[in-house]
Amino acid sequence: MPGSRVLLVVTGSVAAYKACEVLRRLQDRGVEVRVAMTKNAGKFVSPLTFAALSGHRVLVNSFDDERPERIPHVRWAEESDTFCVVPASADFIAKMALGIADDFPSTLHLAFDGPVLVAPAMEDQMWQHPAVQENVDKLRARGVAIVQPTIGPLASGRHGPGRLAEPLNVVDAIMEVLIMEPAKRPLAGMQVLVSAGPTREHFDPVRVLTNPSTGRMGYAVAEAAVRLGADVVLVSGPTQVAEPFEVEIIRVTNAEEMRCEMLAHAALADVVVMAAAVSDFRPVAPVPEKLKKAAGDTMSWKVERTPDILEELRQLRGNRTLVGFAAETSNLEARSREKLDRKGCDLIVANLVGTGGTGFEVETNEVVILDRLGGNVTAGPALKADIATSILDAILEFRQRLGIASPEKAG
Ligand code: C5P
C-alpha cells in the first residue's frame, strides 16, 4: 500500500543483492523501506548500498549510538507495517522459529507484532533438510507468509530448489501482506481533505506577501492518511516538498484559490485538516505590471484580511471533522483553546513557533492536540511524519467519542 512502511531484513546469502531490486520496486509502489541486516549479509552487500537506496540508516547492531534515548528495535518495530526477510538464510529461519534474539534483526523480529514474510534462499540440500523444513512449517503455522523458493541454478553451480523467488514475485507477496492488514488501515473508506503550505498574495507579478511555511506538516498528514487507508485530496500552496504517492494534489497560489478548492472538495470529506499557513492579509489592489521602486525610502501598501477558510468550512453542516492549526509564540495552550472555541473547529493542533526545533522550516515538531470535548494530547518532539500519525489518531479517537466511528458522508 502506498505510504506503508516495510522493514526489510537482509540476511547472509548470495541472493542478498536481489534485495536491492526488491527495495526499489517497493519504492516504485510508494512503499517506504527501512533495512536491517545481519553481519553476514554485510559480507555480500554493503550496508551503504541499502542506506543509499532506502534513504535511511541501515541498522546492523542493536546499540543505536546516534539516538541512545530510544531503543531502536522497539522503535523500528512500532513504526513498520510488515517485517520481511529477503533473502532468509537457513540460520535466520531457525532463529525465528526458536525465538532467538542475539543480534539486531532477530531482536527486531521478536519486538514486532505485525505480519511477517519470509523469502528463503539457500542451497538445495539445505532447503530440503528436515530441520529447515520443520522450521519453515513452524513459521507457516504461526501465520508467517513464506515466499516459496524456486528451482534453478544455485550459487554452488548446482541446479535445484532453494533459489530466491524472482524479486517481482517477492514484491507482489509483500504488497499482498500489506493489503491484508485492515487493522492498520483504520481510515479505509474515508475521504480526508488536507491543506498545506503557505499562500502567496501578490502585490505585483514579482512581489508577494507570504510566510516561511514549507508545507511539510500538511504533506506528512496527507501521507499518513493514505497509509492508514484514506482517500486523500491535498490542496497545496507553493512548496518544494516531494509529492506523496496516491494523493490527489491541487496546487494553488493565494488564499482565494485555496478557499475555492477547499470549499469545492469539502462536501465529500469526512475529515478536513487545515494545515496551511494561509496568509492573513493580502494587498487590496494588486497590479498586473511590475511596480517601479518608489522615489523615497518608504512605501505604503494597503492590505486587507484574507477570507477565513476555516470559518467558511465550519459553516458547512454535517458530520465532517474539522481540524485547524494554531501557531503561537507564547501561552500555547490557553491561546489555542481560545482559538478552538472562536473558530468552532473540532480539533486544534497547536505548536510553538520561533523556538527552534518546532514549527516552520524544520523536520521535527512538538504539538498539543486539543479537541472541543476537552481532550488534550501532546505529541513530540518527533519527526513530522510521526506527529502526523498522532494527529490522525487523535481525530479517530475524537470521532469515536462522538459515535462517528464508521465512515459517513457529511451531509
Ligand atoms: O487565526 P489563525 O490564522 O492563527 O488560525 C490558524 C488556522 O486557521 C489554520 O488552521 C489555518 O489554516 C486557518 N486559516 C484559514 N484561513 C485564513 C487564515 C487561517 O483557514 N485566512
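Counting starts from 1 at the beginning of each chain's written sequence and moves along it residue by residue. Two thresholds apply to this predicted model, a pLDDT of at least 70 for residue-level local features and 80 or more for giving and counting side-chain atom pairs, whereas whole-chain, interface and lining totals are computed over all residues. In computing side-chain values, all of the structure's heavy atoms are included and hydrogens and water are not.

(A) Quick peek at the overall build of the protein. When helices and strands are tallied, the protein shows 14 helices and 19 strands. Its C-alpha atoms give the protein principal-axis dimensions of about 85 × 55 × 35 Å. Accessible surface is estimated by sampling points in the Shrake-Rupley manner with a 1.4 Å probe; for residues, cover comes only from the protein chains shown. Accessible surface for the protein amounts to roughly 19000 Å². Of this, 52% is attributable to carbon and sulfur atoms. We treat Lys and Arg as the positive residues and Asp and Glu as the negative residues; His and chain ends play no part in the count. For the purpose of locating charges, the reference atoms are NZ of Lys, CZ of Arg, CG of Asp and CD of Glu. Taken as two groups, the 45 positive and 53 negative side-chain charges of the protein have centres that lie 2 Å from each other. Only DSSP runs of H or I covering at least 4 residues are called helices, and only runs of E covering at least 2 are called strands; the numbering of each starts at the N terminus.

(B) Representation of the pairing of strand β7 (residues 159–163) within the structure. The pairing criterion for strands is at least two bridges between them, as found by DSSP. Here strand β6 (residues 150–153) runs beside β7; their pairing, made up of four bridges, is antiparallel. Pairing of I151 across the sheet is with P161, part of β7. The loop that links β6 with its antiparallel partner β7 comprises five residues; one of these, G157, has a positive phi angle of about 100°.

(C) Expanded view of the sheet that holds strand β12 (residues 247–251). Within the open sheet, the eight strands sit side by side as β12-β11-β8-β13-β16-β17-β18-β19. Their pairing is mixed. At either margin of the open sheet sits one strand with a lone partner, and together these are β12 and β19 (376–383). Adjacent strand axes in the sheet meet at a mean angle of 20°, parallel and antiparallel pairs treated alike. Bridge count for strand β16 (residues 321–328) against strand β17 (residues 347–352) is six bridges, and the pairing is parallel. Bridging from a neighbouring strand, F325 pairs with V349 of β17. Fitted lines through C-alpha atoms serve as axes, helices being fitted only where they are in contact, and the angles separating the N-to-C directions of these axes extend from 0 to 180 degrees.

(D) Summary view of the site of the ligand. Proximity is defined per residue: any heavy atom of the residue falling within 4 Å of a molecule or strand makes that residue near it. Taken together, 13 residues surround the ligand, and among them M274, A276, P307, F325 and K339 come closest. In the model, an oxygen atom of the ligand is placed 2.8 Å from a nitrogen or oxygen of the M274 main chain. Polar contact is the term for a pair of N or O atoms within 3.5 Å; when the atoms are in protein, one must be able to donate a hydrogen and the other to accept it, and sequence-neighboring residues count only if both atoms are side-chain atoms. At a separation of 2.7 Å, an oxygen atom of the ligand approaches a polar backbone atom of A276. Relative to its unbound accessible area of 450 Å², the ligand is 87% covered by the protein chains. Residues are said to line a cavity or pocket when one of their atoms sits within 4 Å of a point; the points come from a 1 Å grid over protein atoms alone, cavities being sets where a 1.4 Å probe fits but cannot get out and pockets being open sets with protein on both sides within 12 Å along at least five of seven lines. Any molecule with more than half of its atoms within 2 Å of a cavity's or pocket's grid points is regarded as sitting in that cavity or pocket. Among the cavities detected, the one that contains the ligand is the second largest pocket. Looking at the shell around the ligand, the elements with two or more residues in it are α12 (309–315), β16 and α13 (332–343). Across the shell around the ligand, the residue classes tally to seven nonpolar, two polar and four charged. Charged means Asp, Glu, Lys or Arg here, nonpolar means Ala, Val, Leu, Ile, Met, Phe, Trp, Tyr, Cys or Pro, and polar covers whatever is left, Gly included.

(E) Looking closely at the packing of aromatic side chains. Centres within 6.5 Å make a pair out of two Phe, Tyr or Trp rings, where for Trp the six-membered ring is used; the pair is then stacked when the planes are under 30 degrees apart, edge-to-face when over 60, and tilted otherwise. On inspection of all chains with the given rule, the structure shows two aromatic pairs. Arranged with centres 4.6 Å apart and planes meeting at 55°, the rings of F203 and W301 form a pair that is tilted. You can see F203 sitting in strand β9 (residues 201–204) and its partner W301 sitting in the loop between β14 (281–283) and β15 (303–305), a full 98 residues away along the chain. Residue burial is assigned from relative accessible area. The probe radius is 1.4 Å, only protein chains are included, and a residue is buried under 20% of its type maximum, exposed over 50%, and partly exposed in between. Judged by relative accessible area, which is 12%, F203 ranks as buried. A relative accessible area of 32% places W301 in the partly exposed class.

(F) Region of the structure containing unusual backbone geometry. Cis geometry is found at the peptide bond from V86 to P87, where omega equals -10°. Here P87 shows up in strand β3 (residues 82–88). Cis geometry is found at the peptide bond from G380 to P381, where omega equals 5°. On the secondary structure map, P381 appears in strand β19.

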